[in-house]
Number of protein chains: 2
Amino acid sequence: MRGDDAMAVKDVRPGVRNEEGIATVLGLLKQQFGERFQTGQSFREQHSHTTTYLPSQLPDGVVFVESAEDVKAIVRACATHRVPVIAFGTGSSLEGQVNAPSGGISIDFSRMNRVLAVNAEDLDVVVEPGVTREQLNTELRDTGLFFPIDPGANASIGGMAATRASGTNAVRYGTMKDNVLSLTVVTADGEEIRTARRARKSSAGYDLTRLFVGSEGTLGIITSITLRLQGIPEKIGGGVCAFPTVKAACDAVIMTIQMGVPVARIELLDQMQMRACNAYSGLSYAEKPTLFVEFNGTEQTVALQSEQFSVIARECGGESFSFTANAEERSRLWKARHDAYWASRALAPQLNGLSTDVCVPISRLADCMVETQADIEEHGFLAPIVGHAGDGNFHVLILFDDKDPADVARAEAFVARLNARALSMGGTCTGEHGIGQGKMSFLEQELGGAVDLMRAIKKSLDPQNIFNPGKIFAPAEGIADA
Amino acid sequence: MRGDDAMAVKDVRPGVRNEEGIATVLGLLKQQFGERFQTGQSFREQHSHTTTYLPSQLPDGVVFVESAEDVKAIVRACATHRVPVIAFGTGSSLEGQVNAPSGGISIDFSRMNRVLAVNAEDLDVVVEPGVTREQLNTELRDTGLFFPIDPGANASIGGMAATRASGTNAVRYGTMKDNVLSLTVVTADGEEIRTARRARKSSAGYDLTRLFVGSEGTLGIITSITLRLQGIPEKIGGGVCAFPTVKAACDAVIMTIQMGVPVARIELLDQMQMRACNAYSGLSYAEKPTLFVEFNGTEQTVALQSEQFSVIARECGGESFSFTANAEERSRLWKARHDAYWASRALAPQLNGLSTDVCVPISRLADCMVETQADIEEHGFLAPIVGHAGDGNFHVLILFDDKDPADVARAEAFVARLNARALSMGGTCTGEHGIGQGKMSFLEQELGGAVDLMRAIKKSLDPQNIFNPGKIFAPAEGIADA
């Protein structure tokens, strides 16, 4: 854990603090929330950014909220005294989203973790923001339904909505943008609004749901989420197939998508990642670019789809496709994918890891990955690649020494080249991690003048800039004048 | 065709006209666009609202644009002189979206109808706003791909994006919100922005794409659209099944969705609609609530799905399920669905038709339809119902005498009751037609305080209120002060 002064990472600089307002709000919240309000160093550290190399910037206090009324009260106090408000789920965001560059109040949602309504016939569920993905699926188990979005971490649903998360099965089930039906949100005036009704579709006015999904807490505080659910598949089959080159593997992905094979997951691990997995778990996968696929359906459709994929893989030069519909066998086959992160870290346990992501049109995925591998090799990085290949989205985990400013600069320069490469191919600087503090300059490169529209919207909904200031489109400059 | 003074429909009242600004802009556009600028009565009438009973409100002139540069020039002139700008595709919107209550300039996109890029490997396409749905699919035919959204009318893609259109196969392929990857838009300062890159997913900042989709031309003028495409199914199968009650048919729909049968279309026609279809085309369908279903896939999966549906239908009390995978046979079976609109109009050719839509959670679809049928019967309306049942969305076509103010009032009162009913069941006042002028009061009922956020966003992106004023959330009050 490092303090504010650990290093000067681009765009992650302290903002102007409204000391007087902060002091007043701390007093008010202490009075109102008692034991549920904490200002100790360890609480503040836990609620600043902890999951990457970005320096931590601590909030001044943490409130453990239990209701939307609590949230309203905090927002009103902070609005009156112009103090930042930062929503906190589980803290698994990767681009500094929960940092507090201008200080302020962190709202911890871990006690707002109730499933409020399961509407099984409508395949939807209403949850509080602190419900985690795994908790939700555990609570749903008896209904025959599940919530498909899986970003890896056991993130909170509120955080997943706020960062427009996705993950391995977005290729089949979409991202949070596709799976949030409606939100309730506390806005800058301390009132709670509902963005939409529970109907599966609507043309009623501006799509406020999608505006808040992915807004990273900068427009308001989400207090409940209505999610679409899916029926638990009768059968799940999975398999693994090695390819001679990244290009060959990507061709198989493109053909699979183009032929409409409804693959549930299709993940691409590169050579270095496979080598890391073998070393980590004593496995003997071929150390070649490898696709991990999964099919959801009935016994018949899973068999049919795996046969279709097998033909495609062979046509693209894939080696033999190991497939199974047996759950235990499948876990064994998929082990490398599940262990990918820790296997990568184990390549150099003394180093820190920077997890970054880009997303390109799938026709350019092979080019983008191959050029990135060349860059990694040229600079001598340990940096395995794992891709959500069906979406054209991939992650690089760069291992580097976060105590060595030169190594930090090398890692940052690599990230900058990776983003420039993705943008030059019609891609985006982030498929699923969001902008936070880490990618603000790339967002400007990606969307140019459109970022001014985002600023205008931000200003219209949060004129005092109290909601998560210093994120997405501008380095922290403190709270705006009223 | 009626002029502004035909009748006083609620919320559809003339706005304040900026006569001086309009006169200046007419002169400027005449000079710049010559023959491509038209101010004749017939052009103006064609570009006002023509597809429902809402009174027409004519623009002052029409420009036939050929490029984004043309659009920029018009927006700049109109912004400088504070004159309304209204985008026009094919004029098939149903809630007065193209009316000009404060006058102004209609931008006709029929000459911006080029397919700019087909990216077959990425399953996407870039089009100008004037490309129609049918034209697009004709141009795509050789690629093996198609664009699935089908709102019935041969609407323009720009118009479909602006109203967040959907239609019969939204249950499988989603709505425009799910199928637009990116837009270019001319904003209030006359500059063109791009809302997103061509990657299939992104977490880069606010979701401007979804903000413009469904904004009905009130935030800017769309100049190009990047759409997701689907592979043309190898096989399409379809069938028809009558049910004893609406409830039984809805139960079959719920079970089909819940079991994850990937039905491509599932349409519910009520008793009156089936009677109208029989009378119109000399058919002999059972005059009972009837589901029309379609499956897309391979020979095997279509057979599998139709068998799954057949079992479900039987369990829910359906009569024998007529199914075929033969294209000609399928057209014959589906004839009633295709003819539904004209069959309904033929029930009383001397009357006008008001097409309205609501959408509820599917668990409430039966209740909502049954109560609506009772209302229709109680008031002696001719008003058949067709539902996109898989989405909980249905349409009522009320036949009434638009020359009789009492009958107009009766029809409006019916629509008000229908909307109140849908809202009371967790539904929305429009699943796919949009708000326009016709549903502004229902939007307020539906979303309350959230509409203030829409107003704030509108004001931030269009401070002078030049883009399609008098739509979505406020009756026309003329152009705002700068």
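As annotated in an unreviewed UniProt entry, chain A carries the name D-lactate dehydrogenase (cytochrome) and is attributed to Pseudorhizobium tarimense. What the UniProt record of chain A gives under Sequence similarities (unreviewed entry) is the line "Belongs to the FAD-binding oxidoreductase/transferase type 4 family."

What follows concerns the overall build of chain A. When you go through chain A residue by residue, the secondary structure sums to 18 helices and 18 strands. For 482 residues, the compact-globule estimate of 2.2 N^0.38 gives 23 Å, and chain A sits close to it at 22 Å. Taken over the C-alpha atoms alone, chain A extends approximately 65 × 55 × 40 Å along its principal axes. Taken over 482 residues, chain A has a buried fraction of 65%. Restricting the contact set of chain A to residue pairs at least 6 apart, pairs at least 24 apart contribute 72%. Charged side chains in chain A number 45 positive and 59 negative. The centres of these two groups are separated by 2 Å.

A complete count under the given rule lists 68 salt bridges over all chains for this structure. Note that A:Asp178 is salt-bridged to A:Lys177, the shortest N-O span being 2.8 Å. Residue A:Lys177 is classed as buried on the basis of its relative accessible area of 12%. Between B:Arg421 and B:Asp375 there is a salt bridge, with its nearest N and O atoms 2.9 Å apart. One end of the pair, B:Arg421, is in helix α15 (residues 405-424); the other, B:Asp375, is in helix α14 (residues 365-378), and 46 residues separate them in sequence. You can call B:Arg421 buried: its relative accessible area is 11%. Given the relative accessible area of 5%, B:Asp375 is considered buried. A single network of salt bridges, built from pairs that share partners, joins A:Arg133, A:Glu134, A:Asp150, A:Arg265, A:Glu294 and A:Arg330.

This brings us to the pairing of strand β4 (residues 105-108) of chain A. Residue and element names in this part refer to chain A. Taking every second residue as pointing to the same face, both faces of β4 are buried, with Ile 105 and Ile 107 on one and Ser 106 and Asp 108 on the other. When strand β2 (residues 61-64) meets β4, the two strands line up parallel, connected through four bridges. Within β4, the position partnered with Val 62 by the bridge is Ser 106. Judged from the four bridges that link them, strand β3 (residues 85-88) and β4 form a sheet pairing that is parallel. Each bridged residue has a counterpart across the sheet, and for Phe 88 the counterpart in β4 is Asp 108.

Rotating chain A by 180° about the axis while translating it 0.0 Å along that axis superimposes it on chain B, leaving an RMSD of 0.0 Å. What the superposition gives is, in effect, a two-fold axis relating one chain to the other. A share of 100% of the interface residues of chain A reappears at the interface of chain B, consistent with the copies meeting face to face through the same patch.

Next up on the list: the pairing of strand β16 (residues 352-359) of chain A. Residues and elements named next belong to chain A. For β16, a buried count of eight out of eight residues is recorded, marking the element as mostly surrounded by other parts of the structure. Here β16 shows two buried faces, one formed by Asn 352, Leu 354, Thr 356 and Val 358 and the other by Gly 353, Ser 355, Asp 357 and Cys 359. Here β16 pairs with strand β18 (residues 393-400) via eight bridges, running antiparallel. Bridge pairing links Cys 359 to Asn 393 in β18.

The next subject is helix α16 (residues 405-424) of chain A. Residues and elements named next belong to chain A. End to end, α16 covers 28 Å across 20 residues, agreeing with the expected 28 Å (1.5 Å per residue, within 8%). Lining the buried residues of α16 we find β16, α15 (365-379), β18 and α17 (440-447). For α16, the N-terminal capping position is held by Asp 404, with its side-chain oxygen 2.9 Å away from the main-chain nitrogen of Ala 406. Among the residues trailing α16, Gly 426 stands out with phi positive, at a value near 80°.

The interface of chain A with chain B comprises 81 residues on the first partner and 81 residues on the second. Overall, the association of chain A and chain B removes approximately 6500 Å² of surface from exposure, summing both partners, and the carbon and sulfur fraction of that is 60%. Of all residues in chain A, A:Arg197, A:Lys201 and A:Tyr206 bury the most surface against chain B, accounting for 15% of the area lost on that side. Where chain A packs against chain B, one counts four salt bridges. Residue A:Asp391 pairs with B:Lys201 through a salt bridge whose shortest N-O separation is 3.5 Å.

This part takes up the confidence of the model for chain A. Residues and elements named next belong to chain A. Across chain A, the average pLDDT comes to 93, with 96% of residues at 70 or higher. Across residues 1-8 the pLDDT falls below 50, and counting only partners more than four positions away or on other chains, this stretch makes 18 contacts in the model. Scored below 50 in pLDDT, residues 478-482 shows 19 contacts in the model against residues more than four places distant or in partner chains.

For the rest of this paragraph, the subject is the packing of helix α9 (residues 246-258) of chain A against helix α11 (residues 299-315) of chain A. To characterise two packed helices, one gives the angle between the axes of the helices and the distance between these axes. Residues and elements named next belong to chain A. Close contact between α9 and α11 brings their axes to 9 Å; oriented N to C, the two are set at 140°. As α9 runs across α11, the sense of the crossing is right-handed. Facing Ala 252, Met 255 and Thr 256 of α9, the residues of α11 in contact are Phe 309, Ile 312 and Glu 315. In terms of residue class, the contact of α9 with α11 is made up of four nonpolar, one polar and one charged.

Another point: the UniProt feature "domain: FAD-binding PCMH-type" (unreviewed entry) in chain A. Per the UniProt annotation, the sites labelled "domain: FAD-binding PCMH-type" (unreviewed entry) are residues 55-232 of chain A. Here residues 55-232 of chain A runs as 23% helix and 24% strand, with 41 Å between its end C-alpha atoms.

Let's shift gears to unusual backbone geometry. The backbone of A:Asn465 sits at a positive phi, close to 60°, despite the residue not being glycine. Note on placement: A:Asn465 falls in the segment after α18 (450-461). The class for A:Asn465 is buried, based on a relative accessible area of 18%. With a phi angle near 55°, B:Glu216 is a residue other than glycine that sits in the positive phi range.

Among the nonpolar cores identified, the biggest contains 192 residues, and A:Ile157, A:Met176, A:Leu227, B:Ile157, B:Met176 and B:Leu227 are the most heavily contacted of them. Contact partners of A:Met176, with chain neighbours within four places excluded, come to A:Phe147, A:Ile149, A:Ile157, A:Met160, A:Ala161, A:Arg164, A:Ala165, A:Val213 and A:Leu227.

Topologically, A:Glu216 is positioned in the loop between α8 (208-212) and β10 (221-228). For the pair formed by A:Glu216 and A:Ala161, sequence separation is 55 residues and the distance between their alpha carbons is 8.3 Å. For A:Glu216, the residues in contact, after removing those within four places along its chain, are A:Gln97, A:Ala162, A:Thr163, A:Gly434, A:Ile435, A:Gly436, A:Asn468, A:Ile472 and B:Ser203. Side-chain polar atoms of A:Glu216 contact the backbone nitrogen of A:Ile435, separated by 2.7 Å.

What counts as what
- Residues numbered from 1 in each chain as written.
- Chains lettered and ligands numbered in written order.
- Predicted model: local features only at pLDDT ≥ 70, side-chain atom pairs only at ≥ 80, totals over all residues.
- Heavy atoms only, no water.
- UniProt positions renumbered as here; feature names shortened; annotations may be inferred.
- Helix = DSSP H or I, 4+ residues; strand = E, 2+ residues; numbered from the N terminus.
- Rg over C-alpha atoms; globule rule 2.2 N^0.38 Å.
- Buried < 20%, exposed > 50% of the residue type's maximum accessible area, 1.4 Å probe, protein only.
- Contact = heavy atoms within 4.5 Å.
- Lys, Arg positive; Asp, Glu negative; His and termini not counted.
- Charge placed at Lys NZ, Arg CZ, Asp CG, Glu CD.
- Salt bridge = Lys/Arg side-chain N within 4 Å of Asp/Glu carboxyl O.
- Pairing = 2+ DSSP bridges.
- Least-squares fit on C-alpha atoms with pLDDT ≥ 70 in both.
- Expected span 1.5 Å × (residues − 1).
- Polar contact = N/O pair within 3.5 Å; in protein donor to acceptor, adjacent residues only side chain to side chain.
- Buried area = accessible area lost by both parts, 1.4 Å probe.
- pLDDT = per-residue confidence, 0-100.
- Axes fitted to C-alpha atoms, helices over the stretch in contact; angles between N-to-C directions.
- Left-handed = near helix turned anticlockwise from the far one by under 90°.
- Nonpolar A, V, L, I, M, F, W, Y, C, P; charged D, E, K, R; others polar.
- Core = buried A, V, L, I, M, F, W, Y, C linked by side-chain atoms within 4.5 Å.

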